[in-house]
Amino acid sequence: KIQNTKYQGDRYVNSDHYRNRASEEVEKQLGATYVTKEELLRTSDYIVLSLPSVKETYRFIDNKEFEIMKEGVYIINVARGDVMNEDALVENLKSGKVAGAGLDVFEKEPEIHPALLEMENVSLTPHIGTATTETRAEMEELVLANVESVMEGREPVTPVPECSAMISK
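All figures in this text were calculated on a predicted structure; none of them were measured in a lab. (Residues numbered from 1 in each chain as written. Predicted model: local features only at pLDDT ≥ 70, side-chain atom pairs only at ≥ 80, totals over all residues. Heavy atoms only, no water.)

Engineer: Explanation requested: the overall build of the protein in the structure shown.
Structural biologist: Across its full length, the protein holds six helices and seven strands. Secondary structure elements in the protein, listed N-terminal to C-terminal, are β-β-α-β-α-β-α-β-α-β-α-β-α. Here the protein holds 169 residues, and the buried ones make up 34% of them. For the protein, long-range pairs separated by at least 24 residues make up 49% of all intrachain contacts whose partners lie at least 6 apart in sequence. (Helix = DSSP H or I, 4+ residues; strand = E, 2+ residues; numbered from the N terminus. Buried < 20%, exposed > 50% of the residue type's maximum accessible area, 1.4 Å probe, protein only. Contact = heavy atoms within 4.5 Å.)

Engineer: Would you mind going over the pattern of salt bridges with me for this structure?
Structural biologist: As a working rule, side chains carrying opposite charge can pair if their charged atoms are close by. Under the counting rule described, the total for this entry stands at four salt bridges. Residues R154 and E152 are paired through a salt bridge, measuring 2.3 Å at the closest nitrogen-oxygen approach. (Salt bridge = Lys/Arg side-chain N within 4 Å of Asp/Glu carboxyl O.)

Engineer: Looking at this structure, I do not really get unusual backbone geometry. What am I missing?
Structural biologist: It is generally the case that most residues other than glycine have a negative phi and that most peptide bonds are trans. Of note, the bond from E109 into P110 is cis; its omega dihedral lies within 30 degrees of zero at 10 degrees. Considering the arrangement of structural elements, one finds P110 in the loop between β6 (98-103) and α5 (114-118). Positive phi is not limited to glycine here, since R59 has a value of about 50 degrees. With respect to the helices and strands, the residue R59 is situated in the loop between β4 (46-49) and α3 (63-68).

Engineer: Help me out: how do you make sense of a negative patch on the surface in this one?
Structural biologist: A cluster of acidic residues, E134, E138, E140 and E141, forms a negative patch on the protein surface. For E141, the position within the fold is in helix α6 (residues 133-151). Judged by its relative accessible area of 56%, E141 falls in the exposed class. (Patch = residues over 30% accessible without salt bridge, like charges linked within 9 Å, V, L, I, M, F, W, Y side chains within 5 Å. Areas by Shrake-Rupley, 256 points an atom, 1.4 Å probe, with all protein chains shown as cover. Lys, Arg positive; Asp, Glu negative; His and termini not counted. Charge placed at Lys NZ, Arg CZ, Asp CG, Glu CD.)

Engineer: Just checking my understanding: could you explain the packing of aromatic side chains for this structure?
Structural biologist: Ring pairs (aromatic) are described by centroid distance and by the angle formed between their planes. For the structure on display, the rule yields one aromatic pair. Aromatic side chains Y46 and Y74 sit 5.1 Å apart centroid to centroid with 15 degrees between the ring planes, which places their arrangement in the stacked category. Note that Y46 is positioned in strand β4 and Y74 in strand β5 (residues 73-77), a separation of 28 residues in sequence. We note K37 situated over the ring of F60; from NZ or CZ to the ring centre the distance is 3.7 Å. (Phe/Tyr/Trp six-rings, centres within 6.5 Å; stacked < 30°, edge-to-face > 60°. Lys NZ or Arg CZ within 6 Å of the ring centre and 35° of its normal.)

Structure representation (structure tokens):
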């Protein structure tokens, strides 16, 4: 499940625009309030992108979205590089609309936008969020469980909706 969650004083604001919205019960349990993508962009101090790279999420953050954002917003992209237009990001970093950015993925990997390399308000890291022994071991176990499930004629343990047509019933 993909969620964008923002702590706002004593509450969390979430916006889920790719998969399914959390149930009202879960939102209540978390003290979360569902808002539209536009409202989330307009009111957030920090925006964290955590969504897959599919046709529907290509440049999920583009010029239009930057226009909606409040002045001084921070953007963190831990998703995939093509979910954000880096030229638009650079423009908005230079103007001050975006106060800073944290990127561990890049639109045209392995290339990094040259302007980003020069900016002091940008933190660039390689895409290494899973680089721990424990996480890699769990990933290997999950892959094996998926392969075993499909080889035995069952649904994968973690199906990917975009690949469902590839699995013969």
